Amino acid sequence: MTLLSTAGLTRKFAGLVAVDGVDMAVEVGSVHAVIGPNGAGKTTLFNLISGLVEPTSGSIDFNGNDISRLPVHARAGLGMARSFQNIRIFSAMTVLENVLTGLHSTITAGVGAIVLRLPGFHRAEKTAVERARMALELVGLSSKSELLAGALPYGDQRRLEIARAMAAHPRLLLLDEPAAGMNPAETSSLAALVRRIRDAGTTVLLVEHDMGFVMDISDAVTVLNFGRRIFHGPPGAIRQEPAVIEAYLGKKMAARLAARKDGQKAIAP
Ligand SMILES: Nc1ncnc2c1ncn2[C@@H]1O[C@H](COP(=O)(O)OP(=O)(O)OP(=O)(O)O)[C@@H](O)[C@H]1O
Ligand SMILES: [Mg+2]
């Protein structure tokens, strides 16, 4: 079953076609990776899917709804959450408070109840805190919930962003380069986290440059180059297409992937 699909999705910026007629389908319960060189249009594709950028043409279907023109919050309401390529956390707020900001759209008590501190507000607040704590537990940050987010090491800040996105229990989680800047130990624990998220029922769409990571955790891969889709299929099939790897990811990457096929361990680029 398809959770998300795009048809002819296109976005132009002035003279540049950042995303060019992309057809893509993300299956329910999968980890789906989008890869490609710098400037290939990966983040723009995520911005189109999450609603930060409007398509020039084409459409996006999410869980049976045409979401092509819906605002960000409406897409979030349908079960979509994301993290960003550059960390976006509130450094001066605690870890728990950061996760709570991911839940503001689900707190439905209303402004009146909040101002008057009516019982409905307390109930909503309590539920939100419980959800936030569960999300922190999922990413392994429970013991750090009262620390200031800015004081966390880098890898933990990235986990915090995932917790904030997961607190709302999305159907689809979009992660833009979650392993960027992580050391190998952090990257492998991130891979385990992504698997846990998928196994708990959230479909994951991610952009990542670390090919070892992509090969290890993806059920499907879409390759973009100059905004166009040049490959779509299981990760194993990419390894059998050295021409695609070599043309679009470079010779070094092709050699690394060929080495992996021969049973060597993953080497992060
Ligand atoms: N808001 C914008 N205005 C103008 N051009 C943009 C805008 N956003 C992206 N672009 C251009 O669109 C192209 C695709 O950019 P995008 O950020 O989607 O690439 P990417 O695949 O995510 O690259 P990276 O791997 O470096 O993150 C680039 O040429 C970029 O300069
Ligand atoms: Mg990007």
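These lines cover the structure that appears in this document, whether it is placed above or below.

Criteria and thresholds
Residues numbered from 1 in each chain as written. Chains lettered and ligands numbered in written order. Predicted model: local features only at pLDDT ≥ 70, side-chain atom pairs only at ≥ 80, totals over all residues. Pairing = 2+ DSSP bridges. Helix = DSSP H or I, 4+ residues; strand = E, 2+ residues; numbered from the N terminus. Axes fitted to C-alpha atoms, helices over the stretch in contact; angles between N-to-C directions. Core = buried A, V, L, I, M, F, W, Y, C linked by C-beta atoms within 7 Å. Buried ≥ 20, exposed ≤ 12 C-beta atoms within 10 Å, placed from the backbone. Domains from an automatic or database assignment. Contact = placed C-beta atoms within 7 Å. Expected span 1.5 Å × (residues − 1). Arc of directions from axis to C-beta.

To continue, consider the sheet that holds strand E7 (residues 172–176). The strand order E6-E7-E8-E3-E9-E10 describes an open sheet built from six strands, whose pairing is mixed. Single-partner strands in this sheet number two, and they are strand E6 (80–82) and strand E10 (228–233). Taking the axes of each pair of neighbouring strands and ignoring which way they run, one obtains an average angle of 15° across the sheet. Note that strand E9 (residues 220–225) and E10 share five bridges and pair antiparallel. Of the residues in E10, the one forming a bridge with Asn225 is Arg228.

Here the focus is the nonpolar core. Counting 66 residues, the largest nonpolar core has Val99, Ala132, Leu136, Ala163, Met166 and Leu173 as its most contacted members. Each of domain 1 (1–79 + 170–269) and domain 2 (90–169) contributes no fewer than three residues to this core. In this view, Ala163 contacts Val99, Ala135, Leu136, Leu138, Val139 and Leu141; residues no more than four positions away in its chain are not counted.

A separate point is unusual backbone geometry. One non-glycine residue with positive phi stands out, namely His169, at about 50°. Topologically, His169 is positioned in the loop between helix H6 (154–166) and E7. You can call His169 partly exposed: it has 15 C-beta atoms within 10 Å. Within the chain, Glu177 stands out as a residue other than glycine whose phi angle is a positive 55°. Within the fold, Glu177 resides in the loop between E7 and helix H7 (184–199).

Once that is clear, we can look at the pairing of E9. Here strand E3 (residues 31–35) pairs with E9 via four bridges, running parallel. Opposite Ile35, over in E9, you have Val223 as the bridge partner. Where E9 hands over to E10, the hairpin turn is made up of two residues, of which Phe226 adopts a positive phi near 50°.

Spanning 16 residues, H7 covers 23 Å between terminal C-alpha atoms, matching the ideal 22 Å at 1.5 Å per step. Taken residue by residue, H7 has Thr187, Leu190, Ala191, Leu193, Val194 and Ile197 as its buried positions. Each buried residue of H7 sits inside an arc of 165° when the element is viewed along its axis, so together they form one side. Exposed and facing more than 90 degrees away from the buried side of H7 are Ala185, Ala192 and Asp199. Positioned one or two residues after H7, Gly201 has a phi angle of 110°, which is positive.

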